[in-house]
Amino acid sequence: TKEKDTKKPITNEFPQAYNEPDSYFCEETYALCMVGLPGMGKTFVAQRLARWLEFFHDVTVKVFNLGNARRKAVGSKVSSEFFNPSKHGNQEVYKKIRSNVIQEIKEFLVADKRPRIAIYDACSHTKETRRYLEQELGKKNTKIIFIECIVNDKLVLNEYLAEVQKDMPDYKGLDGAQTRKDYAKRIEHFRKRYEPLDDESKSWIKLVDNAEQLTLNRISGFFPGQIVNFLMNLHTVPRPIYLSRHGQSQYNALGKIGGDSGLTLEGLKYAKELAKFVKEHVLTGGGCENKEKDQCENASHARLYTSTLRRTNETAQFIEHPIQPDGWVTMRKRQWRALDELFAGVFDGMTYKEISEKCPEAYAMRKKNKLSYRYPRGESYLDVIKRVEQVMLHMQRHKDPVVIVAHQAILRVIYTYFMGKPREDVSINRFNSAPLIQPKSHFSDLDIIKTQSSPYSHSGHQNSHSFEYSDKTHTLRL
């Protein structure tokens with residue numbers, strides 16, 4: 001009897017359904033309040049921080065910009081005199097607008113039981129204002145962290161001011177001289193009452209000159225520590241980032257997913273075209289035909305990222321690696337296991353047709369929700385998002401152009417993050433024809449650079465790509 005029992009097949013009558021866990025990245029409610037004079041990069045920091053929290057950690061976060069609320073209430077065409085502290089009537093109007101924004105923040109923070117993050121994007125340049133924020137927002141267990149942005153470097157400051165003056169709705173239609181004069185007056189009005197953070201009883205982070213200097217006070221715990229880690233790697237130097245899918249692989253030609261096959265002859269053709277593009281566009285800092293298209297001052301220090309799989313390394317094999325006078329090896333390849341293709345687990349090396357025939361239930365589950373579906377003994381897109389984060393944080397530190405040769409799932413994650421789209425869109429974007437995508441200095445500026453595309457797709461057809469995205473309220477530098 002015992003022998004018969006041991007030979008019985010193992011059954012699972014009550015299987016455990018896999019559900020994505022709740023986000024435990026942030027277990028408490030926070031209000032992050034920006035501090036600093038106008039034009040110091042507060043909005044840039046607020047938007048980038050919010051995007052990182054939202055996309056990579058699924059945190060419910062929202063930026064509340066006082067300037068946008070002011071424009072909505074009194075219009076965008078206000079002169080610097082509106083901010084003159086001696087104009088008491090204007091100051092009362094400004095306080096009323098601020099009170100309305102604070103009320104919106106309070107309603108947002110208690111909208112559900114899940115921990116939320118509100119980022120208050122305003123100057124908050126006086127101790128009186130910061131006490132007011134603590135009194136209004138520091139209730140119901142909401143923790144407050146002030147983030148002060150200071151720019152002493154004149155070169156960096158001029159770059160900031162040029163960007164602000166160009167994109168700010170307040171100065172639309174005005175010439176450069178008028179804009180600079182009025183904005184300088186606005187800054188001086190705030191400077192008259194400006195009081196830097198120095199209260200040792202408060203929690204605050206102080207960023208000086210693009211985090212060249214970082215000062216912390218009463219910052220402890222996992223979540224605040226992760227914010228510090230993000231901010232200390234943040235900078236505002238614009239540079240291009242090029243994304244390219246690998247050339248056609250042997251498995252691509254057979255319609256198989258995953259694997260670690262090499263390139264076909266068509267894939268090698270694309271690899272040579274990619275090397276030509278890098279030489280003529282990336283390493284020249286502008287390209288032979290159009291110097292303005294991809295211009296970057298640090299072109300000689302350009303970097304190359306690939307996955308550890310054969311098809312990306314063979315795609316990058318023809319790229320040149322000139323040695324610069326300072327000893328830097330241009331386009332020196334760095335392999336990242338975090339850039340490897342989404343692992344299909346037990347389905348690795350199969351075609352989608354084979355999966356649908358042999359495992360129709362699994363095929364249907366993936367088709368229903370590609371974002372959270374995890375291949376048996378494999379990965380989901382959510383797993384890929386998590387591991388790609390370390391590459392994005394590492395890349396964020398660099399001020400040089402980067403060429404990333406990777407896989408469709410990886411490029412989908414990177415592209416969706418850069419474009420400010422929800423993580424649910426990750427599985428929508430397609431990169432079958434291996435275009436080179438160049439996000440410019442802002443998230444809202446993205447070009448598709450058409451080179452010799454790799455003539456393949458899983459369906460056997462070429463795909464053309466055209467992306468348009470413009471949202472000046474979410475202008476972010478890379």
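Everything numeric in this text was worked out from a predicted model, so none of it was measured.

Definitions and cut-offs
- Residues numbered from 1 in each chain as written.
- Predicted model: local features only at pLDDT ≥ 70, side-chain atom pairs only at ≥ 80, totals over all residues.
- Heavy atoms only, no water.
- Helix = DSSP H or I, 4+ residues; strand = E, 2+ residues; numbered from the N terminus.
- Buried < 20%, exposed > 50% of the residue type's maximum accessible area, 1.4 Å probe, protein only.
- Contact = heavy atoms within 4.5 Å.
- Areas by Shrake-Rupley, 256 points an atom, 1.4 Å probe, with all protein chains shown as cover.
- Pairing = 2+ DSSP bridges.
- Axes fitted to C-alpha atoms, helices over the stretch in contact; angles between N-to-C directions.
- Phe/Tyr/Trp six-rings, centres within 6.5 Å; stacked < 30°, edge-to-face > 60°.

**As for the overall build of the chain**
For step 1, the next point in the chain: Helix and strand counts for the chain stand at 15 helices and 12 strands.
For step 2, the next point in the chain: In the chain, which comprises 478 residues, the share counted as buried stands at 53%.
For step 3, the next point in the chain: For the chain, restricting intrachain contacts to residue pairs at least 6 apart in sequence, the fraction spanning at least 24 positions comes to 72%.
For step 4, the next point in the chain: Accessible surface, the chain: about 23900 Å² in total, of which carbon and sulfur atoms supply 48%.

**Notes on the sheet that holds strand E6 (residues 213–217)**
For step 1, the next point in the chain: Spatially, E2-E3-E1-E4-E5-E6 is the arrangement adopted by the six strands of the open sheet, whose pairing is mixed. Strands at the two margins of the open sheet, each flanked by one partner only, are strand E2 (60–65) and E6. The average undirected angle you get between the axes of adjacent strands in this sheet is 15°.
For step 2, the next point in the chain: Two elements, strand E1 (residues 30–35) and strand E4 (residues 143–150), share six bridges in a ladder whose sense is parallel. Residue pairing for E4: Tyr 30 is matched across the bridge by Lys 143.
For step 3, the next point in the chain: Here helix H3 (residues 66–74) sits on the sheet in contact with E2 and strand E3 (116–121), set at roughly 55° to E2.

**A word on the packing of aromatic side chains**
For step 1, the next point in the chain: By the definition in use, this model includes 16 aromatic pairs.
For step 2, the next point in the chain: With 4.7 Å between their ring centres and 15° between their planes, Trp 52 and Phe 230 make a pair best called stacked. On the criterion of sequence distance, the pair formed by Trp 52 in helix H2 (residues 42–57) and Phe 230 in helix H8 (residues 222–231) is long-range, its members being 178 residues apart.
For step 3, the next point in the chain: Owing to a relative accessible area of 0%, Phe 230 belongs among the buried residues under this scheme.
For step 4, the next point in the chain: On the numbers, 5.9 Å between centres and 75° between planes, the contact of Tyr 242 with Phe 277 is edge-to-face. Of this pair, Tyr 242 sits in strand E7 (residues 241–245) while Phe 277 sits in helix H10 (residues 265–282), and the two are 35 residues apart along the sequence. Each member of the pair Tyr 242 and Phe 277 is classed as buried.
For step 5, the next point in the chain: A network of ring pairs unites the aromatic residues Phe 55, Phe 56, Tyr 417 and Phe 418 as a single cluster.

**Examining the pairing of E7**
For step 1, the next point in the chain: Judged by how many residues are buried, E7 sits mostly within the fold: five of five residues are covered.
For step 2, the next point in the chain: Of the two faces of E7, the one holding Ile 241, Leu 243 and Arg 245 and the one holding Tyr 242 and Ser 244 are both buried throughout.
For step 3, the next point in the chain: As paired strands, E7 and strand E10 (residues 402–406) are joined by five bridges and run parallel to one another. Opposite Ile 241, over in E10, you have Val 402 as the bridge partner.

Take it as geometry only, folks, not as evidence of what the structure does.
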